[in-house]
Amino acid sequence: MASPVPNSPVSISTAALSAEISATGAELVRLQDRTGADLLWDGNPAVWNGRSPLLFPIVGEVKGNRLKVAGKSYEIGRHGFARTSTFTLVRSDAASCTWRLESSEATRRQYPFEFRLDITYRIEGATLHMEAEVTNTGAAVMPASFGFHPALRWPLPYGKPRAAHEIVFERDEPAPIRRPIDGLLSAAQFATPVRDRHLLLRDDLFEEGALVWDTLASRSVLYGEAIRVDFPRMPHLGIWTKPGAGYVCIEPWQGHASPEGFDGELADKPGVIAITSGADERFAMSIAIER
């Protein structure tokens, strides 16, 4: 196949599924089934211009949009900088591609660590696999979080009415959820809206923002009786939309927004993991058509 133009989107496909990935943020910007029906939100900027941003090196917000490392403060926006950074295409073929972001002067102003972030998209049959590999290329222990944020169509293009869409969890989810309060994770807990593993989607669920599971039993959900989302090693989950919008985000995370009142070191932030010098951590999810 012809070599892709640098920084141009890359398309990958099988007979059952096709995807397009942008160099900006290494973001999945299109996902279509074998008939060409769109499964991913279109990024309408009048509603929300995201489609499937990648969250690194933080998930959510830190207090005052400033993180602390060794007593020094660094300004960083919600969900970090990966989603707005330009990635370099490392390799691609008909059904897969890998993109890379490396630490730079610009990233060190927000996050004072040396890293390499590789994002691989791979289609097998009717399943899209997404994997992030975060490598600590520096000498210091590197605290980090990572999250996926795909916005799937609500309703899906399979004839089921919007009001009948639900998310079915792999396991019972009796633990309470949390809510964002001014961008931070609420200290208060709220009764789970999941009933017998089923979450019926309603706009009023999201009037106060995302639903956040910081204690989660499941590592898989079924959406709209058609799309299975698997996230085998991701211990946290957000589900979010803007009320009335044509999407729902199913967001597997390692980490979450800073809890209300937390103003400590990044390394001590709940949900953050420590990556030692020369080591790497991998984060993965998949989206599969099951119909």
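Higher on the page you've got the structure.
Keep in mind it's a predicted model, so treat the numbers as computed, not measured.

This brings us to the pattern of salt bridges. Here the structure, examined in full by the defined rule, presents 17 salt bridges. Taking the shortest distance from any N to any O, the salt bridge between Asp263 and Lys68 comes out at 3.3 Å. With a gap of 195 residues between them, Asp263 in the loop between strand E22 (247-254) and strand E23 (273-275) and Lys68 in strand E5 (residues 66-69) connect regions that are remote in the sequence. The class of Lys68 is partly exposed, set by a relative accessible area of 28%.

Taken together, the nine strands give an open sheet; going across it, the order is E7-E8-E9-E10-E24-E20-E19-E14-E17, and neighbouring strands pair in antiparallel fashion. The two strands at the open ends of the sheet, each matched to only one other strand, are strand E7 (88-93) and strand E17 (198-200). The mean inter-strand angle of the sheet, taken between neighbouring strand axes irrespective of direction, is 15°. Pairing between strand E9 (residues 115-124) and strand E10 (residues 127-136): 10 bridges, direction antiparallel.

This brings us to the environment of Arg178. Looking at the secondary structure, you find Arg178 in the loop between strand E14 (166-169) and strand E15 (180-181). We classify Arg178 as buried; its relative accessible area is 16%. With 36 residues separating them in the primary sequence, Arg178 and Asp214 have C-alpha atoms 7.4 Å apart. Sequence-distant contacts of Arg178, defined by excluding residues within four places in its chain, comprise Leu185, Ser186, Ala187, Ala188, Gln189, Phe190, Ala210, Leu211, Val212 and Asp214. Within the structure, Arg178 has its side chain in polar contact with the side chain of Asp214 (distance 2.8 Å).

Core analysis: the largest hydrophobic core is formed by 73 residues, its most contacted members being Leu117 and Tyr121. Among the elements that take part in this core, E9 stands out by supplying five residues, more than any other. With 13 residues, the next largest nonpolar core counts Val59, Leu185, Val212 and Ala245 among its residues.

What follows covers unusual backbone geometry. Note: most residues except glycine have negative phi, and most peptide bonds are trans. Going from Phe56 to Pro57, the amide bond is cis rather than trans, its omega being 5°. In this structure, the amide linkage connecting Trp154 to the following residue, Pro155, adopts the cis form with an omega of 10°. The backbone phi angle of Ala70 is positive, close to 50°, even though this residue is not glycine. Here Ala70 shows up in the loop between E5 and strand E6 (72-75). Positive phi values are uncommon outside glycine, yet Arg197 reaches one of about 75°.

If you walk through the whole model with that rule in mind, you get 14 aromatic pairs. Here Phe56 and Tyr111 contribute two aromatic rings whose centre-to-centre distance is 5.9 Å and whose plane-to-plane angle is 75°, an arrangement assigned as edge-to-face. Here Phe56, found in the loop between strand E4 (54-55) and E5, pairs with Tyr111, found in the loop between helix H1 (105-108) and E9; they are 55 residues apart in sequence, far enough to count as distant. Neither Phe56 nor Tyr111 differs from the other in exposure class; each is buried. Ring centres of Phe146 and Phe283 lie 5.4 Å apart, and the angle between their planes is 10°; on these two criteria the pair is classed as stacked. A residue pair is termed long-range when its members are at least 10 positions apart, and Phe146 in strand E12 (residues 146-148) and Phe283 in strand E24 (residues 280-289) qualify at 137 residues. Phe283 shares its class with Phe146; the two are buried. Ring-pair connections join several aromatic residues into one group, and the members of that group are Phe56, Phe81, Tyr111, Phe113 and Phe115.

A few words on the pairing of E5. Of the two faces of E5, the one holding Leu67 and Val69 is buried and the one holding Arg66 and Lys68 is not buried anywhere. Pairing between E5 and E6: four bridges, direction antiparallel. By the bridge assignment, Arg66 is partnered in E6 with Glu75. Once E5 ends, the chain turns through two residues before running back antiparallel as E6, passing Ala70 with a positive phi of about 50°.

Taken together, three strands build an open sheet; the order of strands is E1-E2-E3 and the sheet is antiparallel. Each edge of the open sheet is held by one strand with a lone partner, namely strand E1 (10-13) and strand E3 (28-33). Direction aside, the axes of adjacent strands within the sheet are offset by 15° on average. Strand direction decides the pairing type here: E1 and strand E2 (residues 17-21), joined by four bridges, are antiparallel. Bridge assignment links Ser11 to a residue of E2, and that residue is Glu20.

The rules we used
Residues numbered from 1 in each chain as written. Predicted model: local features only at pLDDT ≥ 70, side-chain atom pairs only at ≥ 80, totals over all residues. Heavy atoms only, no water. Salt bridge = Lys/Arg side-chain N within 4 Å of Asp/Glu carboxyl O. Helix = DSSP H or I, 4+ residues; strand = E, 2+ residues; numbered from the N terminus. Buried < 20%, exposed > 50% of the residue type's maximum accessible area, 1.4 Å probe, protein only. Pairing = 2+ DSSP bridges. Axes fitted to C-alpha atoms, helices over the stretch in contact; angles between N-to-C directions. Contact = heavy atoms within 4.5 Å. Polar contact = N/O pair within 3.5 Å; in protein donor to acceptor, adjacent residues only side chain to side chain. Core = buried A, V, L, I, M, F, W, Y, C linked by side-chain atoms within 4.5 Å. Phe/Tyr/Trp six-rings, centres within 6.5 Å; stacked < 30°, edge-to-face > 60°.

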